[in-house]
Amino acid sequence: MNKGIKPIIILILFFTVLLSFIVNINLSSNIEKMYNNKMTELEKCLKNNINVTVDYKHYCEYLEQSKEIKVDFYTSFANLLIFDIKFLNPIAILFIIIPSLIIPSRILKNKYLLNANNRMNYNDFKRHFFKEAYKFFWILPIIALIIIVPITFYSTFDLAYSTEFGFTYWSSPIVNKPLLFIILYLLNLSIYSIIFVNLGLIVLRKNHNYIISIILTYIFYIIIELFFELIINLYILVPIFNTEFGYILNIMNLFLFSDQFGILNLFIFDIVCLAISSFCVYISYKNKEKLIIECEKNQ
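As the structure is a computational prediction, the values presented were derived from the model and not from experiment.

As for the packing of helix 3 (residues 73-84) against helix 10 (residues 178-206)
Axes are the key here: two packed helices are described by the angle between their axes and the distance separating the axes.
Alright, step 1. Packing of helix 3 against helix 10 brings their axes to within 12 Å, and their N-to-C directions diverge by 25°. Here helix 10 runs roughly parallel to helix 3, going by the angle between their axes. Contacts between helix 3 and helix 10 pair Phe73, Tyr74, Phe77 and Leu81 from the former with Pro178, Phe181 and Tyr185 from the latter.
Alright, step 2. Residue classes in the contact of helix 3 with helix 10 are distributed as 7 nonpolar, no polar and no charged.

A short note on the side chain of asparagine 89
Alright, step 1. Tracing the backbone shows asparagine 89 in helix 4 (residues 88-100).
Alright, step 2. Taking the relative accessible area as the measure of exposure, asparagine 89 reaches 6% and is therefore buried.
Alright, step 3. Not counting chain neighbours up to four residues away, the residues in contact with asparagine 89 comprise Tyr221, Met252, Asn253, Leu254, Phe255 and Leu256.

Topic: the packing of aromatic side chains
Alright, step 1. One pass over the structure, following the stated rule, counts 27 aromatic pairs.
Alright, step 2. Linked through ring pairs, Phe73, Tyr74, Phe77, Phe157, Tyr169, Trp170, Phe181, Tyr185, Phe257 and Phe267 together constitute an aromatic cluster.

Details of the environment of isoleucine 91
Alright, step 1. By the secondary structure assignment, isoleucine 91 is in helix 4.
Alright, step 2. Look at isoleucine 91 and you get partly exposed, because its relative accessible area is 28%.

Comments concerning unusual backbone geometry
Alright, step 1. Positive phi is not limited to glycine here, since lysine 111 has a value of about 60°.
Alright, step 2. Among the secondary structure elements, lysine 111 is positioned in the loop between helix 5 (102-109) and helix 6 (112-116).
Alright, step 3. Look at phenylalanine 257: it is not a glycine, yet its phi comes out positive at around 50°.

Examining a nonpolar patch on the surface
Alright, step 1. A cluster of nonpolar side chains, contributed by Ile222, Leu226, Phe227, Leu230, Ile231, Leu234, Tyr235, Ile236, Ile240 and Phe241, occupies part of the molecular surface with about 920 Å² of accessible area.
Alright, step 2. If you trace the backbone, leucine 226 turns up in helix 11 (residues 210-241).

Re the pattern of salt bridges
Proximity of charged atoms lets side chains of opposite charge pair with each other.
Alright, step 1. In the structure shown here, the tally under the stated rule is 3 salt bridges.
Alright, step 2. Residue arginine 127 pairs with aspartate 124 through a salt bridge whose shortest N-O separation is 2.5 Å. Of this pair, arginine 127 and aspartate 124 both sit in helix 7 (residues 122-134), separated by 3 residues, roughly a single helical turn.
Alright, step 3. A relative accessible area of 32% means that aspartate 124 is categorised as partly exposed.
Alright, step 4. Measuring nitrogen to oxygen at the nearest pair gives 2.9 Å for the salt bridge that ties glutamate 132 to lysine 135.
Alright, step 5. A residue is classified by how much of its surface remains accessible, and glutamate 132, at 12% relative accessible area, is buried.

The rules behind each value
- Residues numbered from 1 in each chain as written.
- Predicted model: local features only at pLDDT ≥ 70, side-chain atom pairs only at ≥ 80, totals over all residues.
- Heavy atoms only, no water.
- Axes fitted to C-alpha atoms, helices over the stretch in contact; angles between N-to-C directions.
- Helix = DSSP H or I, 4+ residues; strand = E, 2+ residues; numbered from the N terminus.
- Parallel < 35°, antiparallel > 145°, perpendicular 65-115°, else oblique.
- Contact = heavy atoms within 4.5 Å.
- Nonpolar A, V, L, I, M, F, W, Y, C, P; charged D, E, K, R; others polar.
- Buried < 20%, exposed > 50% of the residue type's maximum accessible area, 1.4 Å probe, protein only.
- Phe/Tyr/Trp six-rings, centres within 6.5 Å; stacked < 30°, edge-to-face > 60°.
- Patch = residues over 30% accessible without salt bridge, like charges linked within 9 Å, V, L, I, M, F, W, Y side chains within 5 Å.
- Areas by Shrake-Rupley, 256 points an atom, 1.4 Å probe, with all protein chains shown as cover.
- Salt bridge = Lys/Arg side-chain N within 4 Å of Asp/Glu carboxyl O.

Keep in mind these values describe shape, not function.
Put into C-alpha cells, the structure is as follows:
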C-alpha cells in the first residue's frame, strides 16, 4: 500500500527546500528594500530642509528618530504572503489531497473492501481507510513554519515598526502575543487541511480514479469558493444586508489568516466548514453495501 508514497515525500521535501530558498531570498530583499526606502526619504528631508511645511519637518524628525527601528515580524510576514508567495493560497489544497488520496484511492480501486470483508468489520475498515487519508494533514502547518522560522531571525516581535509607519495586516489584539498568534495560525491551517481531505474523500467516494479525483476535487473546491464569494456574499449579504461580513467566507485565502472580522469569527467559520464537510464524509461512507457495489464496478 505504501508504493507511490516515497515519490510524494521526495516531492514534498524538494518543495520544502525550494520554498525555504524563496522565503529567505525575498525576505532579505524586502527588509533591505524597506530600509533603503526609509533612507531615501531621509535624504530627501536633508535636501529639502528649507521652505518646507511644519508637517513635513515633523515627518523628517520622525524619520530621523525611527531610522534604527527594526522591521517587525508581522510586517515581514504580511509582505511575503501578499506579494511574494501569494501563489500558495490557490494551490494549498493540492499539497494536501495529492498525497492524502493515494492510498484511499488504491484501497477503493483495488476492491480492498471486498477482500477484507470476511477479515474485519466495516468500522475497522473505515478506521484504517480514514487513517490513511488524514495522515498528511500536517503538510500545510509545516509549510507555514518554513516561512515563519526564517522571519523570526530577520525581524523582531516589537511592533514599533508597524506602529510608526502605519502598516499592519493583522489588527486584533492577538498580535501582542506572538506565540499565541503562531499557534492559532498553525491551528487554522490544520483545520483547513482536514477540510481539504474531506473534500477529496467526498469526491473519491464516487470516483475511485486517483488523477480524476484530484482534478474533480480541485474543481469542487473552486465551485465552493465561487459559491461563497458570488452567491452568498455578492448577491445576498452585500445587496440585501449591506454588510461586508461575507468576505470572511473564503476558503482560498487560508495563509492570510485574515482577522478583519475578528479571530473568533474566523474560527467559527472554519469549524462550521469542518463540521459540514465531516458530516458529508460520514454520510458518504455510512452505507457499506453501496460502497461495495461501487467498488465492484472497478475494472
